[in-house]
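# Descriptive analysis of the structure
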Amino acid sequence: MLSLRDKIVAITGASGGIGEATARLLADRGAAVVLAARRGERVDAIARDIRAAGGRAATCVIDVTRAEDLRRLVAITVDRYGRIDVLVNNAGIAPISPLADLDTEGWSAMIDVNLRGMLNGVAAALPVFREQGAGHLVSIVSVAGLAGVHPSMAVYAATKNAVRTVHEGLRVESTDGVVRTTAISPGYVRTDLADSMADPRAREQTRENMDAMGISPSAVAGAVAFAVEQPGDVEIGEINIRPTIQA
Ligand SMILES: NC(=O)c1ccc[n+]([C@@H]2O[C@H](COP(=O)([O-])OP(=O)(O)OC[C@H]3O[C@@H](n4cnc5c(N)ncnc54)[C@H](OP(=O)(O)O)[C@@H]3O)[C@@H](O)[C@H]2O)c1
């Protein structure tokens, strides 16, 4: 029987976009969710909404660049609900720009949030997954970098490809059946991700593409639910999910 009913799921970047949609869908289908992000008032409001609809939800203010914040998220989840079945590593930023602009601050920020943030989640969750004898790491990666690289997206795609590689590493190191890993790579999704783009051309172009073809964040949430609800001996390793019309 495929079910989310007894799943305990912590989600980073749950204050909007794909993370919020994932929290709402999983809670709606019976999971207990812990919503984490820097904007505490946003995650609190979403959690209140989920509880008002009969779901189970708690919150935790974190910055994923801080390893101790991820450890606190895992600890709060276990304290509150007894264990952590799934960590959804979703928090991400995309201050994209051409390499020639030398936006080294943006490069560092993407490495810190997209890659180091994911590794901080791995470091916090893996020991607990091993102690429990089960656990599932889901990361929201990107189709950026899957085949070639779009202009302006080199460093963003590099961080996402690095996350993809860490997933594959975890997978090959987890053949004892304890840890499942799923890397979900979306194409254009209608969210506020363009707000993290300092470069006005990149921001406008991304917003135009999202408006023209972006799929709903709930479509990506559906992919997360599909991976999570599989029986323990079934691992959905990778999902690419794009607008049908995206090249
Ligand atoms: N939208 C797309 O087209 C698309 C396509 C492919 C992949 N993705 C990926 O999908 C993921 C979610 O993005 P989205 O599109 O839903 O964008 P979004 O609406 O901007 O959401 C990003 C989330 O990340 C959180 N976040 C950013 N920096 C953080 C930090 N240092 N610590 C903790 N949380 C942080 C934000 O929360 P706070 O600001 O409250 O901290 C927010 O909840 C990202 O990894 C993104 O790269 C998106």
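Here's what I pulled together on the structure shown here. (Residues numbered from 1 in each chain as written. Predicted model: local features only at pLDDT ≥ 70, side-chain atom pairs only at ≥ 80, totals over all residues. Heavy atoms only, no water.)

## Overview of helix α3 (residues 67-81)
For an α-helix the count is 3.6 residues per turn, leaving residues at separations of three or four pointing the same way. Which entries qualify depends on this criterion: Numbering of helices and strands runs from the N terminus; a helix is a DSSP stretch of H or I covering at least four residues, while a strand is a stretch of E covering at least two. Given the number of residues in a helix, its expected span is that number minus one, multiplied by 1.5 Å. Working definition: with a 1.4 Å probe on protein chains only, accessible area under 20% of the residue-type maximum means buried, over 50% means exposed, and in between means partly exposed. The arc in question is traced by the directions running from the helix axis to the C-beta atoms. For this analysis, residues touch if any pair of their heavy atoms sits within 4.5 Å.
Over its 15 residues, α3 extends 22 Å from the first C-alpha to the last, a length consistent with the 21 Å expected when each residue adds 1.5 Å. Turning to α3, its buried residues number three or more, namely D69, L70, L73, V74, T77 and Y81. Around the axis of α3, the buried residues are gathered within 140° of arc, so they sit on the same side. Summarising the geometry of α3, the exposed residues directed more than 90 degrees from the buried face are R71 and D79. Residues of α3 that are buried in the fold lie against β1 (8-12), β2 (32-37), β3 (56-61), β4 (86-89) and α4 (104-132).

## Overview of the sheet that holds β2
Whether parallel or antiparallel, the strands of a sheet pair through hydrogen bonds between backbone atoms. Under the convention used in this document: Whether two strands pair depends on DSSP finding at least two bridges between them. Axis lines are fitted through C-alpha atoms, for helices just across the contact stretch, and the angle between N-to-C directions can take any value from 0 to 180 degrees.
Strand order across the open sheet formed by seven strands is β3-β2-β1-β4-β5-β6-β7, with parallel pairing between neighbours. Each having just a single partner strand, β3 and β7 (238-241) make up the two edges of the open sheet. Pairs of neighbouring strands in the sheet enclose a mean axial angle of 15°, with direction left out of account. One ladder, built from five bridges, connects β1 with β2; its direction is parallel.

## Focus: helix α7 (residues 217-228)
Its 12 residues place the ends of α7 17 Å apart at the C-alpha level, agreeing with the 16 Å of an ideal helix rising 1.5 Å per residue. The complete set of buried residues in α7 reads P217, V220, A221, A223, V224, A225, A227 and V228. In this structure, the buried side of α7 is in contact with α1 (17-28), β4, β5 (135-140), β6 (179-186) and β7.

## Section: the pattern of salt bridges
Applied cut-off: In the sections that follow, a salt bridge refers to a side-chain nitrogen of Lys or Arg positioned within 4 Å of a carboxyl oxygen of Asp or Glu.
Overall, the coordinates contain 14 salt bridges when judged by the stated rule. A salt bridge links E229 to R29; the nearest nitrogen and oxygen atoms lie 2.8 Å apart. In this pair, E229 sits in the loop between α7 and β7 while R29 sits in the loop between α1 and β2, placing the two residues 200 residues apart along the sequence. Judged by relative accessible area, which is 14%, E229 ranks as buried. On the accessibility criterion, R29 (35% relative accessible area) is partly exposed.

These values are about where atoms sit, not about what they do.
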